[in-house]
Structures are given as structure tokens and as C-alpha cells.
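So you can see what is in the structure, the chains are spelled out below.
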Amino acid sequence: MRQMLDGEYPAFLNCMKQQPYRALRINTLKCEEPAFQAMFPVPLTPSPFAAHSYYLPYEAQGLGNSPLHHAGAFYLQEPSAASAVTMLDPQPGERILDLCAAPGGKTTQIAALLQGEGLVWANEVVGSRARTLLSNVERMGVRNAVVSSCHPQKLCERLAGFFDRVLVDAPCSGEGMFRKNPEAAQEWSSAHVEACAQRQQMILQSAAQAVRPGGVLVYSTCTYAPQENEQVISAFLQHHPDFSLEPGPMQNGRTAVPAWGGGEEALSLARRIFPMDGGEGHFVARLRRQGEGEAAGYTAFVPDALRGDEKKQTDELFVQLFGAAAPPWGEAGRFQNAVLLFPHGLPELTGLGVLRAGVPAGELKKGRVEPEHALFMAAKPEQLRQVLALYLSDTDALQAFLHGEELSVPESWKGYAGVAVQGMILGFGKCSGGRLKNRYPKGLRL
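Since this is a predicted model, take the numbers as computed values, not measurements. (Residues numbered from 1 in each chain as written. Predicted model: local features only at pLDDT ≥ 70, side-chain atom pairs only at ≥ 80, totals over all residues. Heavy atoms only, no water.)

Participant: So what exactly am I meant to see when it comes to the overall build of the chain here?
Facilitator: When helices and strands are counted, the chain shows 14 helices and 23 strands. In summary, the chain has a C-alpha radius of gyration of 23 Å against a globular reference of 22 Å for 446 residues, a match within 12%. C-alpha atoms of the chain, sized along the principal axes, occupy 70 × 50 × 35 Å. Relative to its 446 residues, the chain shows a buried fraction of 55%. The long-range fraction of contacts in the chain, counting pairs at least 24 apart against all pairs at least 6 apart in sequence, stands at 71%. Element-wise, carbon and sulfur atoms account for 50% of the exposed surface of the chain, whose accessible area totals about 18,600 Å². A distance of 6 Å separates the average location of the 41 positive side-chain charges in the chain from that of its 45 negative side-chain charges. (Helix = DSSP H or I, 4+ residues; strand = E, 2+ residues; numbered from the N terminus. Rg over C-alpha atoms; globule rule 2.2 N^0.38 Å. Buried < 20%, exposed > 50% of the residue type's maximum accessible area, 1.4 Å probe, protein only. Contact = heavy atoms within 4.5 Å. Areas by Shrake-Rupley, 256 points an atom, 1.4 Å probe, with all protein chains shown as cover. Lys, Arg positive; Asp, Glu negative; His and termini not counted. Charge placed at Lys NZ, Arg CZ, Asp CG, Glu CD.)

Participant: Help me understand the sheet that holds strand β3 (residues 53–56), please; the structure alone is not making it clear to me.
Facilitator: Strand pairing in a sheet takes place through backbone hydrogen bonds and is either antiparallel or parallel in direction. Pairing is antiparallel in the open sheet, where 4 strands are placed in the order β2-β3-β1-β4. The open sheet is flanked by β2 (45–46) and β4 (74–76), the only strands paired with a single partner. One ladder, built from 3 bridges, connects strand β1 (residues 22–26) with β4; its direction is antiparallel. Note that in β4 the partner of I26 across the bridge is F74. (Pairing = 2+ DSSP bridges.)

Participant: Honestly, the environment of T108 in this entry has me stumped. Any pointers?
Facilitator: Here T108 shows up in helix α6 (residues 105–114). In this structure the C-alpha to C-alpha distance between T108 and M140, which are 32 residues apart in sequence, comes to 6.9 Å. At 2.9 Å, the side chain of T108 forms a polar contact with the side chain of R25. (Polar contact = N/O pair within 3.5 Å; in protein donor to acceptor, adjacent residues only side chain to side chain.)

Participant: Honestly, the environment of C431 in this entry has me stumped. Any pointers?
Facilitator: Positionally, C431 belongs in strand β22 (residues 424–432). Between the C-alpha atom of C431 and that of G161, which follows or precedes it by 270 residues, the distance is 49 Å. Sequence-distant contacts of C431, defined by excluding residues within four places in its chain, comprise V409, W413, K414, G415, A417 and L436.

Participant: Help me out: how do you make sense of the sheet that holds strand β20 (residues 407–408) in this one?
Facilitator: As summarised here, the arrangement of the 5 strands in space is β19-β21-β22-β23-β20, forming an open sheet in which the pairing is mixed. The open sheet has two edge strands, β19 (387–390) and β20, and neither has a second partner. Bridge count between strand β21 (residues 415–421) and β22: 7 bridges; the pairing is antiparallel. Bridge pairing in β22 links V419 to G427.

Participant: Can you walk me through the pairing of β22 in this structure?
Facilitator: Along any regular strand the residues' side chains alternate between the sheet's two faces. Taken across its 9 residues, β22 has 7 buried, putting it largely inside the fold. Where β21 folds back onto β22 in an antiparallel hairpin, the turn is made up of 2 residues, including Q422, whose phi is positive at roughly 50 degrees. Two elements, β22 and strand β23 (residues 435–438), share 4 bridges in a ladder whose sense is antiparallel. Directly across from K430, in β23, lies its bridge partner K437. Counting the residues in the hairpin turn of β22 and β23 gives 2 residues, including G433, whose phi is positive at 60 degrees.

Participant: In this structure, what is going on with helix α7 (residues 127–139)? I would like to understand it.
Facilitator: One full turn of an α-helix is made of 3.6 residues, so residues set three or four places apart face in the same direction. In this model, α7 (13 residues) spans 19 Å end to end at C-alpha, consistent with the 18 Å of a helix rising 1.5 Å per residue. Within the sequence span of α7, burial applies to A130, L133, L134, N136, V137, E138 and R139. Backbone geometry just downstream of α7 places G141 in the positive-phi region, at approximately 75 degrees. (Expected span 1.5 Å × (residues − 1).)

Participant: What is the right way to read the packing of helix α10 (residues 190–210) against helix α11 (residues 230–239) from this model?
Facilitator: The description of two packed helices rests on the angle between their axes and on the distance between the axes. In the contact formed by α10 and α11, the axes pass within 10 Å of each other and the chain directions differ by 40 degrees. Taken as axis vectors, α10 and α11 run oblique relative to one another. Crossing angle aside, the handedness with which α10 passes α11 is right-handed. Each of A197, Q200, Q201, L204, Q205 and A208 in α10 lies in contact with α11, whose residues at this interface are Q231, V232, I233, A235, F236 and H239. Its residues placed into classes, the contact of α10 with α11 shows 7 nonpolar, 5 polar and no charged. (Axes fitted to C-alpha atoms, helices over the stretch in contact; angles between N-to-C directions. Parallel < 35°, antiparallel > 145°, perpendicular 65-115°, else oblique. Left-handed = near helix turned anticlockwise from the far one by under 90°. Nonpolar A, V, L, I, M, F, W, Y, C, P; charged D, E, K, R; others polar.)

Have a look at this one:
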């Protein structure tokens, strides 16, 4: 770092003695920004790296237990980490691949920018991390996502040319995490940096296949090492003359350094962020694939039809919840022992390690369909027939619900009802005799 930063090295060392930056990103799928700012109890300062991203005071701890966090109103995300999606610049209606997606910060950031139109495919090869990704996608109310746990090479070969934009937020040596996570510093070694660089090259090679002609590929890391940043991009461009670096919407931080990657002047189009720039540390490069044309056409996914009385029972559930035989999004179909609302425009999913496509609507039981938590999290209160509206001032009721306890409701309420906080669905329960029996998932309870 002394060699890289020269005269700025003392400023870097001074930063490393300070508390790490913290930020949150407002989830615009759940609430509008002005409304969130009015209800949030902590002062927020805008981050320069992404829309809807705000610095948090370091002393604002324990926000993960907030009812607003449980409702998916915000995502706790280090400020410079949000720069990669700003550089990707997803547009509503596009197909986007987040190839190394866990824990889900960038996936849910992409989903918010898509505004429910198009498709975000989130992949994580490590199974345990994929389940965390799945939980965050559900909490944030994303309707148009596929979550998979598949090797990048296999996924990108099968879906070659399918995506308008691909993000590779690559596993790295994590030098930008040293302030936030001391274990990352303990695990660091020069050999680890070299091993990460080799793995990053392989992932990037796979990702290139998935980008349509004229599409965008963004590569990012949270490390400072040139071996994992400029040098990875330089080597990639030598083997892929059909890609070229281009400037992107995120111009904060500073330019990357061509001399650290072989001297190609185009490397200065990539961006670096150091702690002196207002973030823990990130590298972001945006590449464009030559050519023009639509994303590749693929055999469309056809969901299994609901059998026998299953469709009737599903329609009855939807009528009870929404007042209509179908919710206002997705295509209902059967997957194993569940009813899912699949996004439109899916390719064939077989063999790609898909954990979920769209929104789980209900579990098929004998003679009935039991609604899923995810169905309510994807809904807005105004779409449901019965909603218990709570506010942050209803401290006892909110704590009781998040602990799994019953709540009081009007005697006339029957069947399932959503529970909302500040106009955002938090979960649901089943009403009978003036009581709402709690259906908040046990694994999420306080």
C-alpha cells in the first residue's frame, strides 16, 4: 500500500485507525424515499456512490432487529459496495445476471432499479450462502428473480448470450474489509491474492459467455490489490478482443492506474475507491461486448400445471387474499409440492441448480393450499383484502408479532391477513375469534 499510495499512504493509515463506514440502501420496491426518511429514527447523509444509499452514524447499531428491516424497507450495505450496480446501470425490462450474488445486496439493488420489469438471475455457488441470498431476496419483496446455486461455467454456457447485463462481484482477498472485519486481515496472504486472481479470471471468462452482443459486463472487487483488479481486466481483454472498457455512470472515487495492469491507457476508465474517498474500498470496471442485437432466444420454461383440485384450491386462496383468482403478478404453476408465481420470460431451468424462480405462493396440503410468507412479502398492503396496519409507535404489538405471538384483530375477520408496519407488509397470520394466529417464520423471529 505504501508503494501504491506514495504520498497518500499516511492518510490511508490514519483512515485505517477510524471506524468503518456504514450505510443503508432504501428499498424502493417497498417504500418511497421521502416517506422512509420521515419515519427513520437516525439521521441519514447521502452516499455519492449510488441512488437511495445513505451513510449511517457508526453508533446506530442493532438496526437488523428493527421492524423496518424485517419488512424489507432497507438493506445494510457498505457505501462503496453499491458502486458496482451504479456502474452496471440496469434498466427496467432487461435480463440481468448477478453471477456471484450472496448475500444479496447487489441483487436486491438491481431488482429495485428494474422496478418489477424484466428478470434478475442471482447465482451463488456455495449452498449455505445461496440460502442467505434467498432469504434477502424474499425479505426485500423481489418478485422477478431466479435464485440458483450453480457453477458459473455451467450456468453461463447454458445461458450464453441470454443477458443484457452481467455483474461479476468476484470473491477476493477482501482488503477493503479489514476495518469492518478483522478476520479478513488475519486470513490475508500474498498467496491468497494470487489464488483469488486466478479464480477471478476463470469466473470472468465464464461470465463473458452470458453477455449478449452489445451487452454490458461489470467486474468488481472489494480489494486494493492490482493483481485482482487492473491485472485481471488486462488479461481478460487480451483474450477477449470483442470486449472493451468504457466509462460508466459512477465517476466517484478515482481512476484506476494503467501502470498497475500492463500500461493500457483504457484501464483508466475503471474506478477505484479507497477509504480516503468515502468507502471501505472497491474496484469497478465496465466492459461492453461488440455487436448489436437482442438477447439470445431460448426454449421457454413451461411450469407444471396444477393438478385436479389444486387449481381450484389455489384460486380460492387467491380470492380470499386478493379478491381475485390471481395475484397481480406472475404465472401460477406447480413446483414439487408448492405453488409458485413464475416471472415471465424464463428459459428452461432444468439442471441449473435453481432454488427458486419467482414467488412461492403456497404449499400444497391435502385438500387445501397453505400460503407462504414470501407471497405476503411480495405484496403491497393495498393489494390484500385484510391487513392489520401497525406503526412504529405500536412497539408492543410489533415486538409481540416478531416474537411469534398472537395479536388482536376485529371479530369479523376470518382467514388470512397481512400484518404491515408503516405501510409495508411484515408477515401474516390466520384470523379467528378476534385473534390473529402468528405465521411469522420461526427462523426469522426475534
